[in-house]
Amino acid sequence: QTGGFVKKKFANGGETRQEFEKKRRGVAEILGVDDEAIRAAELSRSTSSEMKFDDNDASEDTLRHILLGGLISPANQKTLIDKGLGFIAGIGADALEKENMNPFGKFIDRESEIDANNNRFGAALRKQYKTQEEFEKAAIDAVISLRKGKTVEVDGLTPLLSQGN
(Lines give C-alpha, C1' and ligand atoms only; values in the text may rest on other atoms or scores of the structure.)
Protein backbone atom coordinates (compact mmCIF):
# COMPACT_ATOMS: atom_id res chain seq x y z
CA GLN A 1 0.00 0.00 0.00
CA THR A 2 1.25 3.48 -0.86
CA GLY A 3 -0.18 6.78 0.42
CA GLY A 4 -3.56 5.26 1.27
CA PHE A 5 -3.98 3.62 -2.11
CA VAL A 6 -3.52 -0.01 -2.99
CA LYS A 7 -0.69 -0.49 -5.49
CA LYS A 8 -2.37 -2.74 -8.02
CA LYS A 9 -2.27 -3.01 -11.75
CA PHE A 10 -5.24 -1.90 -13.80
CA ALA A 11 -6.37 -3.39 -17.07
CA ASN A 12 -5.63 -0.22 -19.01
CA GLY A 13 -1.89 -0.53 -19.44
CA GLY A 14 -0.65 -1.25 -15.95
CA GLU A 15 -1.69 1.99 -14.25
CA THR A 16 -1.68 1.89 -10.44
CA ARG A 17 -4.58 3.06 -8.27
CA GLN A 18 -2.45 6.00 -7.13
CA GLU A 19 -1.79 7.08 -10.74
CA PHE A 20 -5.47 6.54 -11.50
CA GLU A 21 -6.53 8.80 -8.60
CA LYS A 22 -4.14 11.51 -9.82
CA LYS A 23 -5.74 11.33 -13.27
CA ARG A 24 -9.19 11.48 -11.67
CA ARG A 25 -8.26 14.64 -9.75
CA GLY A 26 -6.96 16.20 -12.97
CA VAL A 27 -10.22 15.48 -14.78
CA ALA A 28 -12.19 16.94 -11.84
CA GLU A 29 -10.11 20.11 -12.04
CA ILE A 30 -10.61 20.44 -15.81
CA LEU A 31 -14.38 20.03 -15.39
CA GLY A 32 -14.46 22.53 -12.54
CA VAL A 33 -15.66 20.05 -9.93
CA ASP A 34 -12.42 19.69 -7.98
CA ASP A 35 -13.93 21.50 -4.95
CA GLU A 36 -16.70 18.90 -4.89
CA ALA A 37 -14.17 16.07 -5.17
CA ILE A 38 -12.15 17.52 -2.29
CA ARG A 39 -15.32 17.98 -0.21
CA ALA A 40 -16.32 14.34 -0.82
CA ALA A 41 -12.86 13.08 0.19
CA GLU A 42 -12.60 15.25 3.29
CA LEU A 43 -16.14 14.57 4.54
CA SER A 44 -15.86 10.82 3.99
CA ARG A 45 -12.49 10.75 5.78
CA SER A 46 -13.71 12.79 8.77
CA THR A 47 -16.94 10.79 8.99
CA SER A 48 -15.00 7.53 8.87
CA SER A 49 -12.79 8.73 11.70
CA GLU A 50 -15.65 10.14 13.76
CA MET A 51 -17.87 7.04 13.32
CA LYS A 52 -14.88 4.73 13.77
CA PHE A 53 -15.51 2.83 10.55
CA ASP A 54 -13.03 -0.01 10.97
CA ASP A 55 -13.47 -1.96 7.76
CA ASN A 56 -10.30 -1.41 5.75
CA ASP A 57 -11.60 1.76 4.01
CA ALA A 58 -14.74 0.06 2.62
CA SER A 59 -17.27 2.41 4.25
CA GLU A 60 -15.14 5.51 3.68
CA ASP A 61 -14.73 4.70 -0.03
CA THR A 62 -18.46 3.95 -0.36
CA LEU A 63 -19.34 7.28 1.25
CA ARG A 64 -16.75 9.15 -0.83
CA HIS A 65 -18.33 7.92 -4.07
CA ILE A 66 -21.91 8.55 -2.95
CA LEU A 67 -20.93 12.08 -1.95
CA LEU A 68 -18.97 12.66 -5.15
CA GLY A 69 -21.87 11.51 -7.32
CA GLY A 70 -24.24 13.86 -5.54
CA LEU A 71 -21.93 16.84 -5.24
CA ILE A 72 -20.99 16.88 -8.93
CA SER A 73 -24.52 16.13 -10.12
CA PRO A 74 -26.56 18.79 -11.92
CA ALA A 75 -28.97 18.76 -8.94
CA ASN A 76 -26.21 20.26 -6.78
CA GLN A 77 -25.29 23.02 -9.24
CA LYS A 78 -26.84 26.48 -9.37
CA THR A 79 -26.25 27.91 -12.85
CA LEU A 80 -27.19 26.35 -16.17
CA ILE A 81 -23.52 26.16 -17.20
CA ASP A 82 -22.60 24.46 -13.92
CA LYS A 83 -25.51 22.02 -14.34
CA GLY A 84 -24.14 21.15 -17.80
CA LEU A 85 -20.64 20.68 -16.40
CA GLY A 86 -22.12 18.53 -13.63
CA PHE A 87 -23.77 16.33 -16.23
CA ILE A 88 -20.49 16.01 -18.15
CA ALA A 89 -18.60 15.36 -14.89
CA GLY A 90 -21.00 12.52 -14.10
CA ILE A 91 -20.27 10.92 -17.47
CA GLY A 92 -16.57 11.53 -16.90
CA ALA A 93 -16.67 9.93 -13.44
CA ASP A 94 -18.32 6.86 -14.93
CA ALA A 95 -15.83 6.71 -17.83
CA LEU A 96 -12.88 6.92 -15.42
CA GLU A 97 -13.96 3.59 -13.96
CA LYS A 98 -13.84 1.89 -17.36
CA GLU A 99 -11.00 0.57 -19.48
CA ASN A 100 -9.25 3.28 -21.52
CA MET A 101 -11.74 5.82 -20.10
CA ASN A 102 -14.29 4.61 -22.66
CA PRO A 103 -17.81 5.39 -21.35
CA PHE A 104 -19.13 2.38 -23.30
CA GLY A 105 -16.28 0.05 -22.28
CA LYS A 106 -15.98 -2.58 -19.60
CA PHE A 107 -15.29 -1.75 -15.98
CA ILE A 108 -11.64 -2.02 -14.97
CA ASP A 109 -12.49 -4.36 -12.10
CA ARG A 110 -15.27 -5.10 -9.60
CA GLU A 111 -14.25 -2.17 -7.39
CA SER A 112 -14.58 0.23 -10.32
CA GLU A 113 -18.06 -1.12 -11.00
CA ILE A 114 -18.98 -0.55 -7.34
CA ASP A 115 -17.54 3.00 -7.44
CA ALA A 116 -19.55 3.87 -10.57
CA ASN A 117 -22.72 2.43 -9.01
CA ASN A 118 -22.19 4.51 -5.87
CA ASN A 119 -21.55 7.66 -7.93
CA ARG A 120 -24.89 7.09 -9.71
CA PHE A 121 -26.65 6.37 -6.42
CA GLY A 122 -25.26 9.63 -5.00
CA ALA A 123 -26.57 11.61 -7.98
CA ALA A 124 -30.03 10.07 -7.52
CA LEU A 125 -29.94 10.68 -3.76
CA ARG A 126 -28.98 14.33 -4.25
CA LYS A 127 -32.16 14.93 -6.28
CA GLN A 128 -34.21 14.00 -3.20
CA TYR A 129 -32.97 16.91 -1.06
CA LYS A 130 -33.22 20.70 -1.28
CA THR A 131 -29.90 21.45 0.35
CA GLN A 132 -26.41 20.04 0.10
CA GLU A 133 -26.34 19.64 3.89
CA GLU A 134 -29.47 17.46 3.86
CA PHE A 135 -27.98 15.37 1.07
CA GLU A 136 -24.68 14.91 2.91
CA LYS A 137 -26.51 13.71 6.04
CA ALA A 138 -28.61 11.32 3.94
CA ALA A 139 -25.45 9.97 2.27
CA ILE A 140 -23.88 9.28 5.68
CA ASP A 141 -27.13 7.66 6.86
CA ALA A 142 -27.20 5.47 3.73
CA VAL A 143 -23.70 4.15 4.46
CA ILE A 144 -24.58 3.52 8.12
CA SER A 145 -27.67 1.58 6.99
CA LEU A 146 -25.60 -0.35 4.45
CA ARG A 147 -23.11 -1.28 7.19
CA LYS A 148 -26.05 -2.63 9.22
CA GLY A 149 -27.20 -4.76 6.29
CA LYS A 150 -30.23 -2.60 5.52
CA THR A 151 -31.15 -1.89 1.91
CA VAL A 152 -31.47 1.75 0.84
CA GLU A 153 -33.03 2.38 -2.56
CA VAL A 154 -33.46 5.59 -4.55
CA ASP A 155 -34.86 5.57 -8.08
CA GLY A 156 -34.15 1.84 -8.39
CA LEU A 157 -30.50 2.25 -7.32
CA THR A 158 -28.92 0.84 -4.19
CA PRO A 159 -25.45 1.58 -2.86
CA LEU A 160 -22.87 -1.21 -2.72
CA LEU A 161 -20.21 -1.55 -0.06
CA SER A 162 -16.73 -1.01 -1.43
CA GLN A 163 -14.24 -3.85 -1.27
CA GLY A 164 -11.88 -1.58 0.69
CA ASN A 165 -8.11 -1.71 0.52
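Residues numbered from 1 in each chain as written. Predicted model: local features only at pLDDT ≥ 70, side-chain atom pairs only at ≥ 80, totals over all residues. Heavy atoms only, no water.

Engineer: Sorry if this is basic, but what is going on with the nonpolar core here?
Structural biologist: What tends to happen in soluble globular proteins is that the nonpolar side chains get buried as a cluster. Within the largest apolar cluster, 24 residues are counted, with the highest numbers of intra-cluster contacts made by L67, F121, L125 and A139. Mapped onto this core, the elements with two or more residues apiece are helix 2 (34-51), helix 3 (58-72), helix 4 (80-96), helix 5 (110-126) and helix 6 (132-147). For this core, the element with the highest residue contribution is helix 6, accounting for seven residues. (Core = buried A, V, L, I, M, F, W, Y, C linked by side-chain atoms within 4.5 Å. Buried < 20%, exposed > 50% of the residue type's maximum accessible area, 1.4 Å probe, protein only. Helix = DSSP H or I, 4+ residues; strand = E, 2+ residues; numbered from the N terminus.)

Engineer: Got a minute to help me understand a nonpolar patch on the surface in this structure?
Structural biologist: A contiguous nonpolar patch, built from F87, I88 and I91 and spanning about 290 Å² of accessible area, is present on the exposed surface. Turning to its location among the elements, I88 is positioned in helix 4. (Patch = residues over 30% accessible without salt bridge, like charges linked within 9 Å, V, L, I, M, F, W, Y side chains within 5 Å. Areas by Shrake-Rupley, 256 points an atom, 1.4 Å probe, with all protein chains shown as cover. Salt bridge = Lys/Arg side-chain N within 4 Å of Asp/Glu carboxyl O.)

Engineer: Even after reading the chapter, I still don't get the layout of surface pockets, so can you show me in this structure?
Structural biologist: In this approach a probe as big as a water molecule rolls over the atoms, and the regions it shows empty are the leftover space. One number sums up the size of the second largest pocket: a volume of about 370 Å³. The wall of the second largest pocket is formed by 19 residues, among which G90, I91, N119, R120 and A123 lie closest to the centre. When contributions to the lining of the second largest pocket are tallied by element, the ones reaching two or more residues are helix 3, helix 4 and helix 5. The leading source of residues in the lining of the second largest pocket is helix 4, at six residues. When its residues are assigned to classes, the lining of the second largest pocket shows 10 nonpolar, five polar and four charged. (1 Å grid on protein atoms, 1.4 Å probe; cavity = no way out; pocket = protein on both sides within 12 Å on 5 of 7 lines; lining within 4 Å. Points joined across faces, edges and corners; volume = space filled by probe spheres on them. Nonpolar A, V, L, I, M, F, W, Y, C, P; charged D, E, K, R; others polar.)

Engineer: Can you help me understand helix 5 in this one?
Structural biologist: Since there are 3.6 residues in each turn of an α-helix, residues three or four apart along the chain are aligned in direction. For helix 5, with 17 residues, the first-to-last C-alpha span of 24 Å sits near the 24 Å given by 1.5 Å per residue. The buried fraction of helix 5 amounts to 13 of the 17 residues, a majority that puts the element mostly inside the structure. Between a side-chain oxygen at the N-terminus of helix 5 and the backbone nitrogen of E111 the separation is 3.3 Å; the capping residue is D109. (Expected span 1.5 Å × (residues − 1). Polar contact = N/O pair within 3.5 Å; in protein donor to acceptor, adjacent residues only side chain to side chain.)

Engineer: So what exactly am I meant to see when it comes to the pattern of salt bridges here?
Structural biologist: Opposite charge on two side chains allows them to pair when their charged atoms are near. What the rule picks out here adds up to eight salt bridges. Between R45 and E60 there is a salt bridge, and its shortest N-O distance comes to 3.7 Å. With R45 in helix 2 and E60 in helix 3, the pair connects residues that are 15 residues apart, well separated along the chain. Relative accessible area serves as the criterion here: at 48%, R45 is assigned to the partly exposed category. The class for E60 is buried, based on a relative accessible area of 11%. Residues joined by salt bridges that share partners form a network here, namely R45, D57, E60, D61 and R64.

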